[in-house]
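Residue-level listing of the chains:
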Amino acid sequence: MSEDADAATVGETLSIAEKPPVDALPEELQAAIAHFGAPLPRLLEPLITALGLLNLVALMALAFLRDPLGLLTRWTGLTLRLDYWPAYALVLTAALLIALWRWLRQMHDHYVAEAKPSGRRPFPALRS
């Protein structure tokens, strides 16, 4: 390990933390960021956040408990006709979609904030 006090982090070395200029992004990605990353209505965003947290709890339960669906059946007293792998695939797909939406939302906020001081439109590919 280096003795230097000012050693660069991996993110700085690889320039991972820096977002590329919006002009360098493909048009399809600019369109996805502009459309799917746009702000949602005020009441819908907390709902998606709560859904994301609930989804992560369900994903952890499915991943770490021995028989989560059997436990849920015994706990509720209802016979649930759920198979493990379809339930796991559904929860995992929902988690990936919510993570993708959050990533697009962060990118949208970054590029809009970057374009605001200059007064230009944030996504040049969508000017037509």
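Rules and cut-offs
- Residues numbered from 1 in each chain as written.
- Predicted model: local features only at pLDDT ≥ 70, side-chain atom pairs only at ≥ 80, totals over all residues.
- Heavy atoms only, no water.
- 1 Å grid on protein atoms, 1.4 Å probe; cavity = no way out; pocket = protein on both sides within 12 Å on 5 of 7 lines; lining within 4 Å.
- Points joined across faces, edges and corners; volume = space filled by probe spheres on them.
- Helix = DSSP H or I, 4+ residues; strand = E, 2+ residues; numbered from the N terminus.
- Nonpolar A, V, L, I, M, F, W, Y, C, P; charged D, E, K, R; others polar.
- Phe/Tyr/Trp six-rings, centres within 6.5 Å; stacked < 30°, edge-to-face > 60°.
- Buried < 20%, exposed > 50% of the residue type's maximum accessible area, 1.4 Å probe, protein only.
- Axes fitted to C-alpha atoms, helices over the stretch in contact; angles between N-to-C directions.
- Parallel < 35°, antiparallel > 145°, perpendicular 65-115°, else oblique.
- Left-handed = near helix turned anticlockwise from the far one by under 90°.
- Contact = heavy atoms within 4.5 Å.

### Remarks on the layout of surface pockets
- A volume near 230 Å³ is recorded for the largest pocket.
- The wall of the largest pocket is formed by A58, A61, L62, L65, P68, L69, L71, L72, L82, A87, L90 and V91.
- If you list the elements that add at least two residues to the lining of the largest pocket, you get helix 3 (44-64), helix 4 (68-76) and helix 5 (84-115).
- Looking at the lining of the largest pocket residue by residue, the class counts come to twelve nonpolar, no polar and no charged.

### Focus on the packing of aromatic side chains
- Applying the stated rule across the entire model yields four aromatic pairs.
- Look at Y84 and W85: their rings are 4.9 Å apart centre to centre, the planes differ by 85°, and that puts the pair in the edge-to-face class.
- On the numbers, 6.0 Å between centres and 15° between planes, the contact of Y84 with Y88 is stacked. Here the residue Y84 and the residue Y88 both occupy positions in helix 5, the gap between them amounting to four residues, near one helical turn.
- Overall, the relative accessible area of 22% leaves Y88 in the partly exposed class.
- Every member of this aromatic cluster is reached through a ring pair, and the members are Y84, W85 and Y88.

### Considering the packing of helix 3 against helix 5
- As a packed pair, helix 3 and helix 5 sit with axes 9 Å apart at the nearest point and diverge in direction by 140°. Taken together, the axes of helix 3 and helix 5 are oblique relative to one another. Relative to helix 5, helix 3 is oriented so that their crossing is left-handed. Where helix 3 abuts helix 5, its residues E45, I48, T49, L51, G52, N55, A58, L59, L62 and A63 lie against Y84, A87, Y88, V91, L92, A94, A95, I98, W101, R102 and R105.
- When the residues that make up the contact of helix 3 with helix 5 are grouped by side-chain class, the tally is 15 nonpolar, three polar and three charged.

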